[in-house]
Amino acid sequence: MGALHEGHLSLVRRSLAANDLTVLSIFVNPAQFAPQEDLATYPRTLPHDLELLSTVSVTVPNGSSTSPVIRRPSAVFLPSVSDMYPTGISQDVATQKGTFVEVKGYGHQMEGKARPTFLRGVATIVTKLFNVIEPTQTYFGQKDIQQALLLKRLTRDLLLSHPLPENLHIVPTARDRASLLALSSRNAYLTPRERKYAAPALYAALQAGQRAWTAGSSKAECIARAIAVIDETSPKLVSDADVEPVEIRLDYIEMNDPETFDVLPDDVTRREWETQLQDGVKGRPVILSGALWIGRTRLIDNVILGDGRTLGIIE
């Protein structure tokens with residue numbers, strides 16, 4: 001949706017390295033925003049985005065030739081709202097008219113629980129983009145893991161040929177080198193103090209939960225360890241009377257099955273999960289994800305407990 005950062009550019013580089021032609025779409029999708037959300041204020045930085053893209057290139061071998069090939073983005077698709085929603089679009093689902101795409105039974109968990117119309121909007125706009133561009137390969141970021149996995153299911157369910165499900169690739173989350181904060185366009189909302197002291201708390205919490213899972217703790221214990229990190233961070237940011245306090249509010253931290261998005265039972269452990277036969281497969285990974293409000297900014301992040309390659313995450 002624009003406001004490009006290194007996370008987006010990592011997707012572009014992955015495509016450039018593997019494909020002759022790379023198309024990037026930039027479109028702030030109204031259907032992904034509930035009426036009370038930040039559609040009007042969402043960062044829009046198109047001139048800067050295009051300047052950034054002009055600097056991105058990848059050098060690849062040129063067959064038997066000694067001269068390598070330099071690949072750059074081939075095109076940027078910049079549709080208008082009327083292009084993508086010819087019937088019109090409202091942020092209020094109850095008043096919307098026209099054709100929309102919904103992946104039934106998979107949009108009410110995780111992010112869908114907190115943002116009930118979000119994944120419907122994602123499925124609709126990405127279906128349209130796939131129809132327009134007909135990509136052979138596509139690249140999405142792990143930061144939005146539920147979105148990426150839902151789109152894999154969408155390509156299977158709709159029998160799409162462009163892309164095939166196995167050609168929808170998930171690229172690991174790009175992070176700030178100092179804080180390990182997952183890069184996001186909405187990070188622009190953070191104040192310098194929020195970014196430095198509060199923003200790293202979510203990933204630190206997920207790492208605590210990951211360590212507990214690896215050590216054999218139950219799912220409930222892992223979540224408790226993660227929440228404890230948030231609880232320990234909050235008092236440190238409101239106790240200093242000389243600076244403006246930073247408000248931290250946890251939305252959720254949860255562990256979900258990547259196939260169904262269902263919440264794991266509280267008493268299950270890694271050993272038990274990995275030995276269960278699920279849909280004929282043992283050892284399916286687990287998504288440990290969370291959302292955290294820092295002031296007016298909502299951050300999301302996740303880690304994969306297990307082999308992410310089985311989910312289509314490329315290294």
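Residues numbered from 1 in each chain as written. Predicted model: local features only at pLDDT ≥ 70, side-chain atom pairs only at ≥ 80, totals over all residues. Heavy atoms only, no water.

1. Topic: the packing of aromatic side chains
- What the rule picks out here adds up to 5 aromatic pairs.
- For the pair Phe-33 and Tyr-42, a centre-to-centre distance of 5.8 Å together with 80° between the ring planes defines the contact as edge-to-face.
- Given a relative accessible area of 1%, Phe-33 falls into the buried group.
- Aromatic side chains Phe-130 and Phe-140 sit 6.4 Å apart centroid to centroid with 80° between the ring planes, which places their arrangement in the edge-to-face category. Pair noted here: Phe-130 is in helix α5 (residues 118–133) and Phe-140 is in strand β5 (residues 138–141), with a separation of 10 residues, a long-range link.
- Looking at Phe-130, the relative accessible area reads 5%, which means it is buried.
- Phe-140 gets classed as buried once you look at its relative accessible area, which sits at 15%. (Phe/Tyr/Trp six-rings, centres within 6.5 Å; stacked < 30°, edge-to-face > 60°. Buried < 20%, exposed > 50% of the residue type's maximum accessible area, 1.4 Å probe, protein only. Helix = DSSP H or I, 4+ residues; strand = E, 2+ residues; numbered from the N terminus.)

2. Here we look at the pairing of strand β10 (residues 286–294)
- Judged by how many residues are buried, β10 sits mostly within the fold: 8 of 9 residues are covered.
- Of the pairings in the sheet, the one linking strand β7 (residues 248–256) to β10 comprises 8 bridges and is antiparallel in character. Bridge assignment links Glu-254 to a residue of β10, and that residue is Ser-289.
- In terms of strand pairing, β10 meets strand β11 (residues 297–305) through 9 bridges, oriented antiparallel. The partner of Leu-292 across the bridge, within β11, is Leu-299.
- Hairpin connection between β10 and β11: a loop of 2 residues separates the two successive antiparallel strands, and Gly-295 in this loop has a positive phi of roughly 60°. (Pairing = 2+ DSSP bridges.)

3. Side note on α5
- Between the first and last C-alpha of α5 there are 22 Å, a value that for 16 residues agrees with the 22 Å anticipated at 1.5 Å per step.
- Those residues of α5 not exposed but buried are Phe-118, Leu-119, Gly-121, Val-122, Ala-123, Thr-124, Ile-125, Val-126, Thr-127, Leu-129 and Phe-130.
- With its phi angle positive at about 50°, Glu-134 sits one or two positions after the end of α5. (Expected span 1.5 Å × (residues − 1).)

4. Quick word on the domain arrangement of the protein chain
- As assigned here, the protein chain comprises domain 1 (6–171) and domain 2 (185–311).
- Distance from the C-alpha centre of domain 1 to the C-alpha centre of domain 2: 25 Å.
- At the interface, 23 residues of domain 1 touch 20 residues of domain 2.
- Taken over both partners, the interface formed by domain 1 and domain 2 buries close to 1800 Å², and the fraction arising from carbon and sulfur atoms is 53%.
- For the domain 1 face of the interface with domain 2, the top three residues by lost area are Met-110, Glu-111 and Leu-149, together amounting to 29%.
- Viewed at the interface, domain 2 and domain 1 are joined by 3 salt bridges.
- Of the charged contacts, one joins Arg-298 and Glu-111 as a salt bridge, the two residues approaching to 2.8 Å between their closest N and O atoms. (Domains from an automatic or database assignment. Contact = heavy atoms within 4.5 Å. Buried area = accessible area lost by both parts, 1.4 Å probe. Salt bridge = Lys/Arg side-chain N within 4 Å of Asp/Glu carboxyl O.)

5. Details of the pattern of salt bridges
- The final tally for this structure, using the stated rule, is 14 salt bridges.
- A salt bridge links Arg-71 to Asp-20, with the nearest nitrogen and oxygen atoms 3.0 Å apart. Of this pair, Arg-71 sits in strand β3 (residues 65–71) while Asp-20 sits in the loop between α1 (6–18) and β1 (23–25), and the two are 51 residues apart along the sequence.
- Residue classification places Asp-20 among the exposed positions, given a relative accessible area of 62%.
- Through salt bridges with shared partners, a single network forms among Glu-111, Asp-251 and Arg-298.

6. Concerning the side chain of Lys-152
- The residue Lys-152 is located in helix α6 (residues 145–157) in this model.
- In terms of polar contacts, Lys-152 uses its side chain to reach the backbone carbonyl oxygen of Pro-165, at 2.9 Å.
- Within the structure, the side chain of Lys-152 is placed 3.0 Å from the backbone oxygen of Leu-168, a separation counted as a polar contact.
- Those residues within four positions of Lys-152 in sequence are excluded, and the remaining contacts are Pro-165, Glu-166, Leu-168, Ile-170, Leu-311 and Gly-312. (Polar contact = N/O pair within 3.5 Å; in protein donor to acceptor, adjacent residues only side chain to side chain.)

7. Considerations on the pairing of β11
- With respect to burial, β11 is a largely interior element, 9 of its 9 residues being buried.
- Burial along β11 is two-sided: Thr-297, Leu-299, Asp-301, Val-303 and Leu-305 facing one way and Arg-298, Ile-300, Asn-302 and Ile-304 facing the other are all buried.

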